[in-house]
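# Per-entry structural report
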2 protein chains.
Amino acid sequence: MSDPLRLAVAGLGTVGASLARIILERSDTTATLGKHSLKLQAVSARDATKDRGVDLAGIAWENDPIALAKRGDIDVFVELIGGSDGPALESVEAALRMGKSVVTANKALLAEHGNRLARLAEENGTEIAFEAAVAGGIPVIKTFREGLTGNQIERVFGILNGTCNYILTRMEDEGKPFEEILKDAQDLGYAEADPTFDIGGHDTAHKLALLTCLAFGTEISADDIYLEGIETVTLEDIRAADELGFRIKLLGVAQRTSTGVEQRVHPTMVPKSSPIARVSGVTNAVAVDTDLLGQSMFIGPGAGGNATASAVFADITDLARGDRVPTLGRNAEALKPYTRAQMRAHEGGYYIRLAVKDEVGMFARIARAMADANISLESIVQEASIGERRGDRQSQPDDVKTIVLITHQTTEAAIRKAVTVVEEDGGMVGAAQVIRIERLD
Amino acid sequence: MSDPLRLAVAGLGTVGASLARIILERSDTTATLGKHSLKLQAVSARDATKDRGVDLAGIAWENDPIALAKRGDIDVFVELIGGSDGPALESVEAALRMGKSVVTANKALLAEHGNRLARLAEENGTEIAFEAAVAGGIPVIKTFREGLTGNQIERVFGILNGTCNYILTRMEDEGKPFEEILKDAQDLGYAEADPTFDIGGHDTAHKLALLTCLAFGTEISADDIYLEGIETVTLEDIRAADELGFRIKLLGVAQRTSTGVEQRVHPTMVPKSSPIARVSGVTNAVAVDTDLLGQSMFIGPGAGGNATASAVFADITDLARGDRVPTLGRNAEALKPYTRAQMRAHEGGYYIRLAVKDEVGMFARIARAMADANISLESIVQEASIGERRGDRQSQPDDVKTIVLITHQTTEAAIRKAVTVVEEDGGMVGAAQVIRIERLD
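Residues numbered from 1 in each chain as written. Chains lettered and ligands numbered in written order. Predicted model: local features only at pLDDT ≥ 70, side-chain atom pairs only at ≥ 80, totals over all residues. Heavy atoms only, no water.

### Remarks on the interface of chain B and chain A
Across the contact, 48 residues belong to chain B and 50 residues belong to chain A. Across the chain B/chain A interface, buried area totals approximately 4000 Å², and carbon plus sulfur atoms make up 52% of it. The interface formed by chain B and chain A includes four salt bridges. For R26 of chain A, the salt bridge goes to D291 of chain B, with nearest N and O atoms at 2.4 Å. Contributions of two or more residues to the side of chain B that touches chain A are made by α6 (140–147), β12 (294–301) and α12 (305–320) of chain B. Of the residues that constitute the side of chain B that touches chain A, the class distribution is 16 nonpolar, 20 polar and twelve charged. By the bridge criterion, three bridges tie strand β12 (residues 294–301) of chain A to β12 of chain B in an arrangement that is antiparallel. (Contact = heavy atoms within 4.5 Å. Buried area = accessible area lost by both parts, 1.4 Å probe. Salt bridge = Lys/Arg side-chain N within 4 Å of Asp/Glu carboxyl O. Helix = DSSP H or I, 4+ residues; strand = E, 2+ residues; numbered from the N terminus. Nonpolar A, V, L, I, M, F, W, Y, C, P; charged D, E, K, R; others polar. Pairing = 2+ DSSP bridges.)

### Topic: a nonpolar patch on the surface
On the surface, a nonpolar cluster with roughly 270 Å² of combined accessible area is contributed by L188, Y190 and V282 of chain A. Position of L188 of chain A relative to the elements: it lies in helix α8 (residues 178–188). (Patch = residues over 30% accessible without salt bridge, like charges linked within 9 Å, V, L, I, M, F, W, Y side chains within 5 Å. Areas by Shrake-Rupley, 256 points an atom, 1.4 Å probe, with all protein chains shown as cover.)

### Description of the pattern of salt bridges
Pairing of side chains with opposite charge becomes possible as their charged atoms draw close. For the structure on display, the rule yields 62 salt bridges over all chains. Across the salt bridge formed by R155 of chain A and D289 of chain A, the nearest N and O atoms sit 2.8 Å from each other. One end of the pair, R155 of chain A, is in strand β7 (residues 153–159); the other, D289 of chain A, is in strand β11 (residues 283–290), and 134 residues separate them in sequence. Residue D242 of chain A is joined to K272 of chain A by a salt bridge in which the shortest nitrogen-to-oxygen separation is 2.6 Å. Taken together, the residues span a long stretch of sequence, with D242 of chain A in helix α11 (residues 235–243) and K272 of chain A in the loop between β10 (260–271) and β11 at a distance of 30 residues. Connected via shared salt-bridge partners are K142, E146 and D318 of chain A together with K142, E146 and D318 of chain B.

### A short note on the side chain of H346 of chain B
Residue and element names in this part refer to chain B. Along the chain, H346 falls in the loop between α12 and β13 (347–357). Here the side chain of H346 touches E262 through a polar contact of 2.8 Å, side chain to side chain. Once residues within four sequence positions are removed from consideration, H346 is found in contact with E262, R264, T410, T411, E412 and R436. (Polar contact = N/O pair within 3.5 Å; in protein donor to acceptor, adjacent residues only side chain to side chain.)

### Some details on the packing of aromatic side chains
Residue and element names in this part refer to chain B. Tallying each qualifying case throughout the model produces three aromatic pairs over all chains. Both rings, one in Y166 and one in Y190, keep their centres 4.4 Å apart while their planes meet at 35 degrees; by these two values the pair is tilted. With a gap of 24 residues between them, Y166 in helix α7 (residues 162–174) and Y190 in the loop between α8 (178–188) and α9 (196–199) connect regions that are remote in the sequence. (Phe/Tyr/Trp six-rings, centres within 6.5 Å; stacked < 30°, edge-to-face > 60°.)

### Some points on helix α4 (residues 86–97) of chain A
Residue and element names in this part refer to chain A. If you check α4, its first and last C-alpha atoms are 17 Å apart, about what twelve residues at 1.5 Å a residue would give, namely 16 Å. Packed against the buried residues of α4 are α3 (65–70), β4 (76–79), β5 (101–104), α5 (107–123) and β6 (128–129). Positive backbone phi, approximately 80 degrees, marks G99, located one or two places after α4. (Expected span 1.5 Å × (residues − 1).)

### Considerations on the sheet that holds strand β2 (residues 38–44) of chain A
Hydrogen bonding along the main chain pairs the strands of a sheet, whether they run parallel or antiparallel. All names here are of chain A. On the basis of which strands lie adjacent, the open sheet formed by six strands has the order β3-β2-β1-β4-β5-β6 and parallel pairing. Here the strands that pair on one side only, and so sit at the sheet edges, are β3 (60–62) and β6. Taken strand by strand, helix α1 (residues 14–25) contacts β1 (5–10), β2 and β4, and its axis lies near 150 degrees from that of β2. (Axes fitted to C-alpha atoms, helices over the stretch in contact; angles between N-to-C directions.)

### Re the relation of the copies chain B and chain A
When chain B is brought onto chain A, the operation consists of a screw motion whose angular component is 180 degrees and whose axial shift is 0.0 Å, with 0.0 Å RMSD remaining. The transformation relating the two chain copies, once decomposed into turn and shift, fits a two-fold axis. Interface overlap between copies: 100% of the residues of chain B at the interface are likewise at the interface in chain A, consistent with a symmetric, same-surface contact. (Least-squares fit on C-alpha atoms with pLDDT ≥ 70 in both.)

### Here we look at the pairing of strand β2 (residues 38–44) of chain B
Residues and elements named next belong to chain B. Most of β2 is tucked away, with six of its seven residues classed as buried. Sheet topology places strand β1 (residues 5–10) next to β2; six bridges connect them, and they run parallel. When the sheet's bridge partners are listed, R6 is paired in β2 with K39. As paired elements, β2 and strand β3 (residues 60–62) share three bridges and run parallel to each other. Bridge pairing in β3 places V43 opposite W61. (Buried < 20%, exposed > 50% of the residue type's maximum accessible area, 1.4 Å probe, protein only.)

### Considering the sheet that holds β3 of chain B
All names here are of chain B. Strand order in the open sheet formed by six strands is β3-β2-β1-β4-β5-β6, and the pairing between neighbours is parallel. This sheet does not close on itself; its edge strands, each paired only once, are β3 and β6 (128–129). Of the pairings in the sheet, the one linking strand β4 (residues 76–79) to strand β5 (residues 101–104) comprises four bridges and is parallel in character. From the neighbouring strand, V78 faces β5, where its bridge partner is V103. Contacting β4, β5 and β6, helix α4 (residues 86–97) crosses the sheet at an angle of about 170 degrees to β4.

### What to know about the environment of L80 of chain A
Residues and elements named next belong to chain A. Summarising the element assignment, L80 is placed in the loop between β4 and α4. Along the sequence, L80 and S44 sit 36 residues apart, while their C-alpha atoms lie 9.9 Å from each other. Among all residues touching L80, those that are not within four sequence positions of it are V9, A10, G11, V15, G16, L19, A105 and V312.

### Description of unusual backbone geometry
Positive phi values are uncommon outside glycine, yet N374 of chain A reaches one of about 65 degrees. Within the secondary structure layout, N374 of chain A lies in the loop between α13 (362–372) and β14 (377–382).

### Digging into the packing of α6 of chain B against helix α10 (residues 202–216) of chain B
Residues and elements named next belong to chain B. At a minimum axis separation of 9 Å, α6 and α10 run at an interaxial angle of 20 degrees. Between α6 and α10, the interaxial angle falls into the category roughly parallel. Viewed along their axes, α6 and α10 form a crossing whose handedness is left-handed. Across the interface between the two elements, I141, F144 and R145 of α6 pack against L211, L214 and A215 of α10. Along the lines of polarity and charge, the residues of the contact of α6 with α10 split into five nonpolar, no polar and one charged. (Parallel < 35°, antiparallel > 145°, perpendicular 65-115°, else oblique. Left-handed = near helix turned anticlockwise from the far one by under 90°.)

### A short note on the side chain of R436 of chain B
Note on placement: R436 of chain B falls in strand β17 (residues 433–437). Polar side-chain contacts of R436 of chain B include one of 2.7 Å to the side chain of E412 of chain B.

### Some thoughts on the pairing of strand β10 (residues 260–271) of chain B
For a regular strand, side-chain orientation follows a simple rule: the groups alternate between the two sheet faces. All names here are of chain B. Judged by how many residues are buried, β10 sits mostly within the fold: twelve of twelve residues are covered. Direction of pairing for strand β9 (residues 246–257) relative to β10: antiparallel, over a ladder of twelve bridges. Residue pairing in the sheet places L251 in a bridge with H266 of β10. Hairpin connection, β9 to β10: the antiparallel pair is bridged by two residues. Bridging between β10 and β17 involves two bridges; their strand directions are parallel.

### Details of the packing of helix α13 (residues 362–372) of chain B against helix α14 (residues 412–424) of chain B
The geometry of a pair of packed helices is captured by two quantities: the angle between their axes and the separation between those axes. Residue and element names in this part refer to chain B. Between α13 and α14, the shortest axis-to-axis distance is 8 Å and the interhelical angle comes to 150 degrees. In this view, α13 runs roughly antiparallel relative to α14, as classed from their interaxial angle. As for the relative orientation of α13 and α14, their crossing is right-handed in sense. Across the interface between the two elements, I366, A369, M370 and D372 of α13 pack against K417, A418, V421 and V422 of α14. Across the contact of α13 with α14, the residue classes break down as six nonpolar, no polar and two charged.

### Topic: helix α10 (residues 202–216) of chain A
Residue and element names in this part refer to chain A. With 15 residues, α10 ought to run about 21 Å at 1.5 Å a step, and its terminal C-alpha atoms sit 21 Å apart, in line with that. Within α10, 14 of the 15 residues are buried, which leaves it mostly tucked inside the rest of the structure. The first or second residue beyond α10 is G217, which carries a positive phi of 65 degrees.

### Digging into the environment of Q255 of chain A
Residues and elements named next belong to chain A. With respect to the helices and strands, the residue Q255 is situated in strand β9 (residues 246–257). Put simply, Q255 and A105 are 150 residues apart on the chain and 25 Å apart in space, counted from C-alpha to C-alpha. Side chain to side chain, Q255 and R264 meet in a polar contact 2.9 Å long.

### A few points about the nonpolar core
Among the nonpolar cores identified, the biggest contains 168 residues, and F77, F144 and I167 of chain A together with F77, F144 and I167 of chain B are the most heavily contacted of them. Setting aside its immediate chain neighbours within four residues, I167 of chain A contacts F178, I181, L182, A185, I199 and I230 of chain A. (Core = buried A, V, L, I, M, F, W, Y, C linked by side-chain atoms within 4.5 Å.)

Next up, the structure:
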């Protein structure tokens, strides 16, 4: 056995403390895994006096993560500070410039600066490992960077944010509206005080951007993602979905198309019979369609101190074995520029919910708008049958009817055109609700 | 970029031909993945004249795989011959003795000779990669050898044989008996002419033995697996399971217990609501419970030329990157001897189906036998309600009743004792059917 691999951990929150514990308590077994044993050499965090349930006596302490990254006696810099800029970015850059390997759980950092950091790593003969950045403890980054190398990937999709899936699952199970479940999730610690980043789909988008890069060999392009959050999903939608054989999930989807790679994050109707529809609560899932393998799916905990630390630790083990994978799966110069597919060209089925005045001919005018846009309808359901069995027609006035349409395969452009016509008709009350249906075989 | 990694492929069946195609056609893209590009240097197969849909002009041919393994101009020997002994074993040994890396899809070879081959590899400074040996193209070996290194694993379970899952799925979907579906599966190529190896659970056992070794850090012990095949599962069981909220799957399960590691392969009742219950047809799934990560599951195609070649190719990419993992996840001397947990000590719920004469007091005697063995019952269902709605009570004579019991958590020893008492009662017609229920949270 050669010299131990000397580790520096910056950030001792839930994940950092859990990681320190694993390194210290499991060094005996992990010494048998590879070339190098592991040594926790130095740490940094804001408060040196806080009790973190792990004995850090004898381990060097730095107040400044950048000083930690620059220490001459460390081989690997583990960044668990968080945030896409500031100390996280500066310390990672410092470590890479010194040729240290970097391990991070920071999706925001990589979504925003990953292309540049990957090149910086390569220039300095080192690399960044980031298993914990997507889907928590599930080894999906390893799967994409190493396990699917021979495949041409057609589509990646997943439930990448536990908070959103938790809220949607509870809305469905308990029949309570978004605001009420969100408030409860905040009280229980499943949602942040400011939930925008999760609820609005931004966190999912960051993770999707990383998966897209690995799956399609393109540069990371987190700004080119079509984005809708779950805040507009109503109980009515969830009930209509249920009656029509669907569940609503916030999916991140990246898909090869003839004009480029489509990246989108939005509430999505998935058939109840599909495996991803069964993924409930805070659980994450990533599925991939490839030419050789067909479809595979990976399900597991997407967050939590121990689950995240498990992924960080696996990255460290790879380094201890001497295993080195290019940061973004390929040498940086081999990454292609990202070409955004136009969302208007997106093809798929759609769910459209319309609140309309109870007028003679309304139905015919809606059907005509769809036909004019060349949209073929799979089903039309009137309010009478939606939620009827539950006897909970909510607060809609008597002279307003709800109509739900499910379309066959069509384009986003056609839908937008038809919906505009319907909205301008004058018979509508409020805006149309449009939710995309994802094709799952 | 250093010199190319020179590959030898022994065996050009479906998987070998697909692999050769991937190596030849995708060398441009794969050159960007790591340190070395790939070169298909030499192949061997039985028939040099057969058209395999891939152009092997300019690639050296050997009739003898052992001669192929010994060539001085190859770096990696890919064994796709099959069989646990004979040319597969001899050529792998020859390659390892020459210090070549070996990649194989051969579960039988490793289940039977893996401990010795892993040591042989280590003595010669090399290693064996075998992603394709378990669950086809799903990267589960990578997950266990590399992705879960910090975790203590409590249980591994999975649907590891596509043929069995295909038959059980069709029995359930079509309501046709085992023999009829098996015959059809044979006609369609989903089952072998001699199906014993799949149906009897032996193939599942080989794969489980490899997962157990990687998960628990113990030597491979394929002979220490409790084994029941699916040939005894009847339509009656499938229907009763359905009414009671279960599906029947052939699972391989390895579980840490106080007396050792339990390894078992048997038809298993899983709750319909569990994700693994939704895995249908030839699809495979592997789930793992660990202390840090909780439960994760990996689902995908378990067989097929392209899917298997995808896994073999990923192993080759790892080698091209210079990544080396000890064959069985740990250095050979670190593997613990396998200690078999006694099956009689197995704890779980049970499904028991009894055909009994329609006599007064029969019910009471069965309940008494269970109570005497300290078995607490969750439910007792009489024939009247089983399959009643379908009006298909099959061929049972009128004076024979079917009784189905579902027990709470108990032990295998208690069940065997109680079933013996019931079978010796004289009121039984035929033997009792006992199917274990797997606890899934």
